[in-house]
Amino acid sequence: MPDSVVQMFEAVPPALAWGLGGVAGTLIVATLIMLALPVLKPSGDWTELRHRIWSWWVIIALVVVAMAFGWVGVTVLFAAVAFIALREFLSLAPLRREDRLIVLWAYLTIPLSFGLIVLDQYGIYLVAIPVWFFLITPFLMALAGQTRAYLATVATITWGVIVCVYNLGAIPLLMRVPAEEAPAGAAGMVFLLLLATQANDVLQYCCGKLFGRHKILPTVSPNKTWEGFLGGWVLTAALIWFLAPVFTPLTPLHAALIAFVLPLAGFAGDVTMSAVKRDLGVKDTSRLIPGHGGVLDRIDSLTFTAPLYFHLLAYYALARY
Amino acid sequence: MHSPDTDATRPPSMLRQIFLTVLVRPFVQVVTGMDVIGREHLPTDGPAIVCANHNSHMDAFMLLSLFPARLLHKVRPVAAADYFLANPALSWVSLNLIGISPISRTVARGADVLAPARAALARGEIILVFPEGTRSKDGEMGPLKAGVARLAEAFPEVPVIPVWIEGAGRVLPKGAHTPVPMNCTALVGEAVAWPGDRPRFMAALRARLDGLAAEAPPQHWAA
């Protein structure tokens, strides 16, 4: 192996290496179960589960490679994720023929926002989309001259950009925190966010499958149950509580606060995107990720947990922001 | 203008193979994020006729991206000679990189415009045809020309596979020059069997394409 690659891995904080190892170990167990299931219960159809687990391997490989390249790698990865998520959203949302070039304009928020993070312009980042994009876009759409469904379309496009671009920007922002501000570096903080958010999704799903009886929001998300929601909440909160001292500079009180609210935000993101999909009449936002659906299906919770996690950390613990 | 019958002798080109796999495929993925529904219906070898709706220049690139690299040398979009062979540069790209089989849209009565397509099928190739004969207005499928029925009649055992392309007319509509990335879906249907006569064939093909369109996700303008 070239020395530069060795150095890249030697630079990984031990806690993060253990964390990633733990995820890989969990996935190895899941993979073994998946390989055993067709033998134990040949009547079942395990294709979907198999696709889902293989996709998890790919997702984790992408995150590990991105983190190995530091904040640049993570910024590039999430710029790509934001692009695909926004493309999925704007392709399904009801837009008008006249909005074609506005869609191109909306993509420009990705190089703009992520570029501002690269240039360390946090103050401008905070207002670039919620103030300036929100003012200029409706004006440009007015210039296009089509007023039918104008207001609804402005709301659709701006909401999509906030969810898919602005909220995900919290992750590269966290990566710009100096290593000495967190016990396992900036990547450790991002790791806990990604782990807790995805664990919440998986644990809610598993608790729902095992114990689900009472539907929680039948008109929006008929498969979600109170048992799944509460089980995921308690288990994810415990996970965050135990890992917060390892990966974040939070005091126990503030760690408890994040442990309490982050699973709620994940549930909220999941349910909100379910409502959007139900309105649009689609089950998945695309078929890009086998067994999962689209990128937006995979990151729906993350679009809510990322800004919450970032702002609580910034408020209570990070000198940089 | 090149004579359409020169393409029969053109050898499979490595340049075209590289162009289609290294440039076209990633471009289609970034700009259309193409999802494929019904991939199992795609022909695994030639000869075959693939029939798709036509709203955009993206259509041919998307259809070419449906096939594995090892089959690409057999896959040929049938494209209008008056448009794609209009000048030497476009003509070179169309013939050597995209690998079109040119078809004349302006020809004297009695001339056999389908001869190159028929020859391609006889060589065992997969031809991609747009029976509308032109790019329709975005979001619509125009009347289908019966040339494809004459091909199907001449080769009744060759599968005719319908493909509905949803969304390409938004990425690059007729008359536009800037592609805008938006998700698209290619829905591949079951082969249309030769029913014995052309009118029934055309009706079956249209019904199959309409059926696929009804299954597509709402990747079209709301109004």
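Small disclaimer: the values here were computed from a predicted structure and weren't measured. (Residues numbered from 1 in each chain as written. Chains lettered and ligands numbered in written order. Predicted model: local features only at pLDDT ≥ 70, side-chain atom pairs only at ≥ 80, totals over all residues. Heavy atoms only, no water.)

S.K.: Talk me through the overall build of chain A; I want residue IDs and the actual numbers.
M.R.: The secondary structure content of chain A amounts to 14 helices and zero strands. Helices and strands in chain A line up, N terminus first, as α-α-α-α-α-α-α-α-α-α-α-α-α-α. Taking 20 Å as the expected radius of gyration for a compact globule of 321 residues, we find that chain A reaches 20 Å, a close match to that expectation. Projected onto its principal axes, the C-alpha positions of chain A cover 60 × 50 × 45 Å. In chain A, buried positions account for 50% of the 321 residues. For chain A, long-range pairs separated by at least 24 residues make up 74% of all intrachain contacts whose partners lie at least 6 apart in sequence. On chain A, roughly 15,000 Å² of surface is accessible, and the fraction owed to carbon and sulfur atoms is 73%. Side-chain charges of chain A comprise 19 positive and 17 negative groups, with the mean position of each set lying 10 Å from the other. (Helix = DSSP H or I, 4+ residues; strand = E, 2+ residues; numbered from the N terminus. Rg over C-alpha atoms; globule rule 2.2 N^0.38 Å. Buried < 20%, exposed > 50% of the residue type's maximum accessible area, 1.4 Å probe, protein only. Contact = heavy atoms within 4.5 Å. Areas by Shrake-Rupley, 256 points an atom, 1.4 Å probe, with all protein chains shown as cover. Lys, Arg positive; Asp, Glu negative; His and termini not counted. Charge placed at Lys NZ, Arg CZ, Asp CG, Glu CD.)

S.K.: Tell me about the overall build of chain B, and name the residues and values.
M.R.: A count of helical and extended segments in chain B gives eight helices and seven strands. Against the globule reference of 17 Å for 223 residues, chain B gives a C-alpha radius of gyration of 16 Å, in line with a compact fold. For chain B, the spread of C-alpha atoms along the three principal axes comes to 45 × 40 × 35 Å. Looking at the 223 residues of chain B, the share that counts as buried comes to 53%. Contacts spanning at least 24 positions in sequence make up 78% of the contacts within chain B whose residues lie at least 6 apart. Accessible area for chain B stands at about 9,600 Å²; split by element, carbon and sulfur atoms hold 62% of it. Side chains of chain B give 21 positive and 19 negative charges; the mean places of these two sets differ by 4 Å.

S.K.: An account of the packing of aromatic side chains is requested, with residue identities and associated values reported.
M.R.: Counted according to the given criterion, the structure contains 15 aromatic pairs over all chains. With a centroid separation of 5.5 Å and 40° between ring planes, the pair formed by B:Trp194 and B:Phe201 is classed as tilted. Ring-pair connections join several aromatic residues into one group, and the members of that group are A:Trp226, A:Phe229, A:Trp233, A:Phe260 and A:Phe267. Geometry around A:Tyr205 places A:Arg52 over its ring, the cationic atom sitting 5.2 Å from the centre. Between the NZ or CZ atom of B:Arg170 and the centre of the ring of B:Trp221, over which it lies, the distance is 4.9 Å. (Phe/Tyr/Trp six-rings, centres within 6.5 Å; stacked < 30°, edge-to-face > 60°. Lys NZ or Arg CZ within 6 Å of the ring centre and 35° of its normal.)

S.K.: Could you give an account of the sheet that holds strand β5 (residues 126–129) of chain B, with specific residues and numbers?
M.R.: All names here are of chain B. Pairing is mixed across the open sheet formed by seven strands, whose spatial order is β1-β7-β6-β2-β5-β3-β4. Of all strands in the sheet, those bounded by a partner on one side alone are β1 (35–37) and β4 (101–103). Recorded for the sheet is a direction-independent mean angle of 25° between the axes of neighbouring strands. Bridge count between strand β3 (residues 75–80) and β4: three bridges; the pairing is parallel. Residue pairing for β4: Ala80 is matched across the bridge by Ile103. With respect to the sheet, helix α6 (residues 147–154) is in contact with β2 (48–52), β5 and β6 (160–166), its orientation differing from that of β2 by roughly 160°. (Pairing = 2+ DSSP bridges. Axes fitted to C-alpha atoms, helices over the stretch in contact; angles between N-to-C directions.)

S.K.: Residue-level account of helix α3 (residues 47–68) of chain A, with values.
M.R.: Residues and elements named next belong to chain A. Its 22 residues give α3 an end-to-end C-alpha distance of 32 Å, which sits within 8% of 32 Å, the value for a rise of 1.5 Å per residue. Taken as a whole, α3 has its buried residues at Ile53, Ser55, Trp56, Ile60, Val63, Ala66, Met67 and Ala68. Phi turns positive one or two residues past the end of α3, at Gly70, with a value near 70°. (Expected span 1.5 Å × (residues − 1).)

S.K.: Report on the interface of chain B and chain A, specifying residues and quantitative values.
M.R.: Counting from both sides, the interface comprises 26 residues of chain B and, opposite them, 21 residues of chain A. Across the chain B to chain A interface the summed buried area is about 1,900 Å²; carbon plus sulfur atoms make up 56%. Where chain B meets chain A, there are zero salt bridges. Elements with a contribution of two residues or more to the side of chain B that touches chain A: α1 (14–32), β1 and α7 (168–171) of chain B. Its residues assigned to classes, the side of chain B that touches chain A comprises 17 nonpolar, five polar and four charged. (Buried area = accessible area lost by both parts, 1.4 Å probe. Salt bridge = Lys/Arg side-chain N within 4 Å of Asp/Glu carboxyl O. Nonpolar A, V, L, I, M, F, W, Y, C, P; charged D, E, K, R; others polar.)

S.K.: Explain the packing of helix α5 (residues 100–107) of chain A against helix α6 (residues 109–118) of chain A to me, and be specific about the residues and the numbers.
M.R.: Residues and elements named next belong to chain A. Here α5 crosses α6 at 15°, and the two axes come no closer than 4 Å. Between α5 and α6, the crossing angle belongs to the class labelled roughly parallel. Counting all contacts with α5, which are made through Trp105, Ala106 and Tyr107, the residues of α6 involved are Thr109, Ile110 and Pro111. Here the contact of α5 with α6 is composed, by residue class, of five nonpolar, one polar and no charged. (Parallel < 35°, antiparallel > 145°, perpendicular 65-115°, else oblique.)

S.K.: Which residues make up the pairing of β3(B), and what values do they have?
M.R.: All names here are of chain B. Across the six residues of β3, six count as buried, placing the element largely inside the fold. Of the strand pairs in this sheet, β3 and β5 are connected by three bridges, and their pairing is parallel. By the bridge assignment for β5, Pro77 is matched with Leu128.

S.K.: Please provide a residue-by-residue account of the pattern of salt bridges, values included.
M.R.: Residue and element names in this part refer to chain A. Scanning the entire structure with this criterion turns up 16 salt bridges over all chains. The residue Arg320 makes a salt bridge to Asp120 at a minimum N-O spacing of 2.4 Å. In this pair, Arg320 sits in the segment after α14 (302–316) while Asp120 sits in the loop between α6 and α7 (122–143), placing the two residues 200 residues apart along the sequence. When its relative accessible area of 31% is taken as the criterion, Arg320 is described as partly exposed. Residues joined by salt bridges that share partners form a network here, namely Asp120, Arg176 and Arg320.

These figures come from the coordinates and say nothing about function on their own.
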